[in-house]
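As a plain string of letters, each chain reads:
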Amino acid sequence: MELDLTIMDADYVIEDGEVKIRAFSKTVEGENVIVEDRSLQPYFYAVPREETGTLREQIKEEELTDDDGEELEVRNIEKKIRKDGLEEKEVLKIETEIPANVPKLRYAVSKLEHTDECREFDIPFYKRFLIDRGIRPGETVKVKGEQIDGELDRTIILEEVKESEKEKPEFSMLAFDLEVIDGEIVMASMYGEGLEKVLSTAEVDKDYVEAFEGEKELLKRFQEIIEDRDTDIVTGYNTDEFDFKKLRERFQAHGMTLSLGRNGDRVKFDRRGRFSSARLKGRMHLDLYPFITHVLAPGLDSETLDLDSVAEEMLGENKNDVSFEMMQQWWEDQENLEEFAEYNLKDSELAFRLAKELVPQIMELSRITGLIPFDACRLTYGQLTENFLLREAFNREMMAPNRPTRNQRRRRSNQGAYEGGFVYTPDSGLYTDVSVFDFRSLYPTVMVAHNISPEVLDLDGCEDRFVMEEFDFYFCQDEQGFFPELIEGLVESRYELKSKMKELDEDSMKYEQIYSRQQAQKILANSFYGYLGYDGARWYSKESAQATTALGRKYIEDTIEVAEEMGFEVVYGDTDSVFIRGEDVEDRKEDFLDRVNKLLPEFMELEFEGYFETGFFTSKASGEGAKKKYALMDREGGLKITGFEQVRRDWSQVAKDTQKEVLRLVLQDRISEAAEAVKDTIQGLKDQEVPVEDLTIHTTLTKPPEEYGSTAPHVEAVKKASKRGVSIEPETTVNYVITRGGGSISERAELVRFAEDYDPDYYIDNQVVPAATRVLKVFGYTEGQLKGKGKQSGLGRFG
DNA sequence: CTTGACCGGGG
DNA sequence: GTGTACGGTCAAG
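Being a predicted model, the structure only gives us computed values, none of them experimental.

Rules used throughout
- Along each chain, residues carry numbers from 1 onward, in the same order as the chain's sequence is written.
- A letter from A marks each chain and a number from 1 marks each ligand, given out in the order of writing.
- Given that this is a predicted model, residues contribute local features only at a pLDDT of at least 70 and side-chain atom pairs are listed and counted only at 80 or more, while totals for whole chains, interfaces and linings are drawn from all residues.
- With hydrogens and water excluded, all non-hydrogen atoms of the structure serve as input to the side-chain values.
- Strands are runs of DSSP state E lasting at least 2 residues, helices are runs of H or I lasting at least 4, and numbering of each runs from the N terminus.
- For the radius of gyration, the atom set is restricted to C-alpha positions; the globular benchmark scales as 2.2 Å times the number of residues to the power 0.38.
- Using a 1.4 Å probe on the protein chains alone, a residue whose accessible area is under 20% of its type maximum counts as buried, one over 50% counts as exposed, and one in between counts as partly exposed.
- In this analysis, strands are considered paired if DSSP registers two or more bridges between them.
- By nonpolar core we mean a set of buried residues, namely Ala, Val, Leu, Ile, Met, Phe, Trp, Tyr and Cys, connected to one another through side-chain atoms within 4.5 Å.
- Throughout, near means a residue has at least one heavy atom within 4 Å of the molecule or strand.
- Any pair of nitrogen or oxygen atoms within 3.5 Å is treated as a polar contact; in protein, a donor-acceptor pairing is required on top of that, and neighbouring residues in sequence qualify only through side-chain atoms on both sides.
- When residues are sorted by character, Ala, Val, Leu, Ile, Met, Phe, Trp, Tyr, Cys and Pro go into the nonpolar class, Asp, Glu, Lys and Arg into the charged class, and all the rest, Gly among them, into the polar class.
- Across the chain, each position has a pLDDT score giving the predictor's confidence in that residue, from 0 to 100.
- We call two residues contacting when some pair of their heavy atoms lies within 4.5 Å.
- Centres within 6.5 Å are what make two rings of Phe, Tyr or Trp a pair, Trp counting through its six-membered ring; a difference in plane orientation under 30 degrees is then read as stacked, over 60 as edge-to-face, and the rest as tilted.
- Should the NZ of a Lys or the CZ of an Arg lie within 6 Å of a ring centre and within 35 degrees of the ring normal, that charge is described as sitting over the ring.
- Working definition: a disulfide is two cysteine sulfur atoms within 2.5 Å of each other.
- Any helix carries an expected span of 1.5 Å times its number of residues minus one.

**Focus on the overall build of chain A**
Helices and strands together make up the secondary structure of chain A, namely 22 helices and 29 strands. The C-alpha radius of gyration of chain A comes to 30 Å, within 12% of the 28 Å expected for a compact globule of 799 residues. Dimensions of chain A, computed from the C-alpha atoms along their principal axes, are close to 90 × 75 × 55 Å. By residue count, 54% of the 799 residues in chain A fall in the buried class.

**Things to note about the sheet that holds strand β19 (residues 429-439)**
The 7 strands lie next to each other as β18-β22-β23-β19-β24-β25-β26, forming an open sheet whose pairing is antiparallel. Pairing within the sheet leaves two strands with one partner each, and these edge strands are β18 (423-424) and β26 (639-642). For strand β22 (residues 569-574) and strand β23 (residues 577-581), the ladder comprises 5 bridges, and the chain directions are antiparallel. Looking across to β23, one finds that Y572 is bridged to F579.

**Focus: the nonpolar core**
Counting residues in hydrophobic clusters, the biggest one holds 117 residues, and the most contacted among them are I292, F340, F483, F528, W539, I580 and F592. In terms of residues, this core owes the most to one element, helix α9 (residues 337-369), which gives 16 residues. Ranked by size, the runner-up nonpolar core spans 44 residues in total, among them Y736, Y758, V775 and L786.

**Brief notes about the protein's contact with DNA strand C**
In the vicinity of DNA strand C there are 25 residues, among which F121, F125, R271, G273 and R274 approach most closely. By atom count, sugar and phosphate contribute 45% of the portion of DNA strand C lying within 4 Å of the protein. Between DNA strand C and K268, the relevant distance is 3.1 Å, taken from a phosphate oxygen to a side-chain nitrogen or oxygen of the residue. In this structure, a base nitrogen belonging to DNA strand C sits 2.8 Å away from a main-chain N or O atom of R271. For the surface near DNA strand C, the secondary-structure elements that each account for two or more residues are α2 (101-110), α3 (125-132), β15 (268-272) and α12 (406-416). Of the residues that constitute the surface near DNA strand C, the class distribution is 11 nonpolar, 2 polar and 12 charged.

**Some points on the pairing of strand β9 (residues 154-163)**
Relative to β9, strand β3 (residues 32-37) runs parallel, the two being bridged by 4 bridges. Looking at β9, one finds that I34 is bridged to T155. Sheet analysis places strand β8 (residues 141-148) next to β9, joined by 8 bridges and oriented antiparallel. In the strand pairing of β9, I148 is matched with T155. Between β8 and the antiparallel strand that follows it, β9, lie 5 residues; L152 among them carries a positive phi value of about 60°.

**Here's the deal with the confidence of the model for chain A**
For chain A, per-residue confidence averages 89 on the pLDDT scale, and 95% of positions sit at 70 or higher. Looking at the elements of chain A, mean pLDDT is at its lowest for strand β27 (residues 697-701), recorded as 70, and at its highest for strand β21 (residues 474-476), recorded as 98. Confidence drops under pLDDT 50 across residues 790-799; counting only partners more than four residues distant or on other chains, this segment forms 15 contacts.

**Considering unusual backbone geometry**
One non-glycine residue, N238, lies in positive phi territory at about 65°. Its location among the elements puts N238 in the loop between β14 (233-236) and α5 (239-253). Unlike most non-glycine residues, E397 shows phi in positive territory, near 55°. With respect to the element layout, E397 can be found in the loop between α11 (381-395) and α12. When its relative accessible area of 46% is taken as the criterion, E397 is described as partly exposed.

**Observations concerning the packing of aromatic side chains**
The geometry of two aromatic rings is summed up by the distance between their centres and the angle between their planes. Overall, the coordinates contain 28 aromatic pairs when judged by the stated rule. Note on Y758 and Y763: the rings are 6.0 Å apart at their centroids and 85° apart in plane angle, and the pair reads as edge-to-face. A relative accessible area of 0% means that Y763 is categorised as buried. Taken together, F388, F482, F483, F528, Y531 and W539 form an aromatic cluster joined through their ring pairs. The ring of Y43 carries K93 above its face, with NZ or CZ at 4.3 Å from the centroid. Of note, K589 hangs over the ring of F608, and the distance from its end group to the ring centre comes to 4.4 Å.

**Details of the environment of P360**
On the secondary structure map, P360 appears in helix α9. When its relative accessible area of 16% is taken as the criterion, P360 is described as buried. Put simply, P360 and L288 are 72 residues apart on the chain and 12 Å apart in space, counted from C-alpha to C-alpha. Among residues more than four places away in sequence, those in contact with P360 are A355, E512 and S516.

**Regarding the state of the cysteines**
Evaluation of the coordinates by the stated rule reveals 1 disulfide. Each disulfide pairs two cysteine sulfurs, and for C462 the partner residue is C476, the sulfurs being separated by 2.2 Å. Between C462 and C476, the S-S torsion sits near 95°, and that sign places the bridge as right-handed. Residue C462 is found in the loop between α13 (442-449) and β20 (465-467), and its partner C476 is found in strand β21; the two are separated by 14 residues along the sequence. Judged by its relative accessible area of 8%, C462 is buried.

**Here's the deal with helix α18 (residues 653-667)**
The end-to-end C-alpha distance of α18, which contains 15 residues, comes to 21 Å, matching closely the 21 Å that a straight helix rising 1.5 Å per residue would cover. Those residues of α18 not exposed but buried are V654, A655, K656, T658, Q659, V662, L663, L665, V666 and L667. On its buried face, α18 is in contact with β19, β24 (606-619), β25 (625-633), β26, α19 (671-686) and α21 (760-776). After α18 finishes, the residue D669 shows a positive phi value of roughly 60°.

Here's what the structure looks like:
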């Protein structure tokens, strides 16, 4: 039979010693189908020292065993021609019966004297399947095969994969969030299409709350809802590291198993380095947090990546200002439970709405890299890029380079550092009429323009060599390299999509899909440069990365030169942008762009980014202008603040707010008012008028207090709390304030709930004034003056 | 200046 | 499980 379907998850199982792939899929009509591949065998390549014949003989003659002396089966050996860079090599493709034997067999084969090296022995089998069968999750394919008795709506044995014209199915989605008090799950909210529910172990007077006898009943119901709704996508915020771990623990505590696989499989916890992730077989568990940290964070203004800040930035939703301490108190006293439930539901709703925006992007990233969505939302840039490269290499009959060993990585990072982008040192102060120009995808376009690619580096017998003065290596221009070819493909496809977008209604599904697709292409095109310089990369090439930044510097410096020739005042520049001051810049910008773009190689382009009424640049302690720390204000009064690092958890809100207000006033050239604002805050602190939430400092307690070697305020606060009978467990965020009295800062740190007063001097001297001075020192203010201790003559006339 | 410890999100 | 992978900041050395 033939079925049009989209694969959303894949794994393999061993049955009677034979491996079979299970690809969990959905048809356009919404049927759940398992596609089994029983014919693909795990394999790797062996590159012979001399020629394939002698190596093949040796493999046949010698007994290959694992560490325990178990014999390893070689199921099939085949001679293949594979490209290694640009060189074609005769290699052996060695097949074995189960994936777990690949690394063992590879080890045994590597030790043979006729083996030069082995390749592609560490590619997880479900990824191998997707690559070798040319299947991309998120792309509909026509599958031909025989239907057998099995799980879900249908199970079919794969015979052939073909292209399909059909649309993708709709996936159902649900977001959830747990509330845990004293280690137990007391509430669980779930939010999806037509679903707004809070499960609770307490009676709550809200129509969306379902109350339960105890935690065990709540957990059963939680599982039941996911199963009954036949959920395709389960999402949430930090669900890998928190919610699912907690669920597993609590299910276990009640003697139950957490089973949320589509076929009833238990939730599997994959270790991946620092993290573990919860895998629901046949469904897509998409934790938004790793995707946001790895992929989105560089493009976000928000410095902290908690759900509140990210939702605020992406959805414009206001901050949820219930503190955890408050929630604990409510639960303890069993009061305000309506609000408690409301809060719980809100978090699921925010996660769901974020997912609405992000899942299309994750799906497109999955489609383009060929990874299952589960992986696409968790991997770092480098890993996403590498998976894309593995697939493209396979399609060109290229063998992938091996991953570096630990030692190689260390060597790479030690010899590592090379010069990065060019940063123009600004003169600190306030500027008016600032126009910003930047290069469209600087590094990708540089790589295409100069054919920067590892396999054409110092290529023997090359005729057309691109040489740079400062380097003793060159890039061959005879033939387009692997990386430029991929970048050009992505960039061109993206142009097409962008022009297609213009013809579409912005609210349509099609628009959203195309938008996400071009966004994924952009992410990928921009990741190649970083990938080449990443010490864990298979296709690592320091020279390529080095040449790319060097060329980037050259082009930005050339641009600055053109600007100066035209009589413009250059204020600042960083890597791919120039900031130019002057009232007439906007009118003459076309002329400027023309001149610069005429000098650039084909494919590269400078663009106008925007005009800002004012711009402020701060200085370093030495008085020299600081790089990467500035604020801009557009015509509508919108602020763009970059690099002011105090927007962090371990700074109190009062310091952050004051700094932002100071920047806002400074950009309006209201310098002395800015200083007044600081003084007002100081007075408010002295008068004990600032609410305690604005004074709280948050720091995570990572281990039991007694294990800390050095003293730290949050640790001391916890120690004092435990003397009062309140124990705080590791992994808890400690919210403390600095109170009055004698002794060091640590000695005066108290948990918020025990703090009876606060020390205004601490907040003035260590929080508000340093943050504000970071800005106001440019205008001649010292810390002393802001605290009202000095003279104020001659202020406000700097800059 | 270099090295090593700490931290993120969640409750 | 074709395992064991981050990247930035800050205080201490």
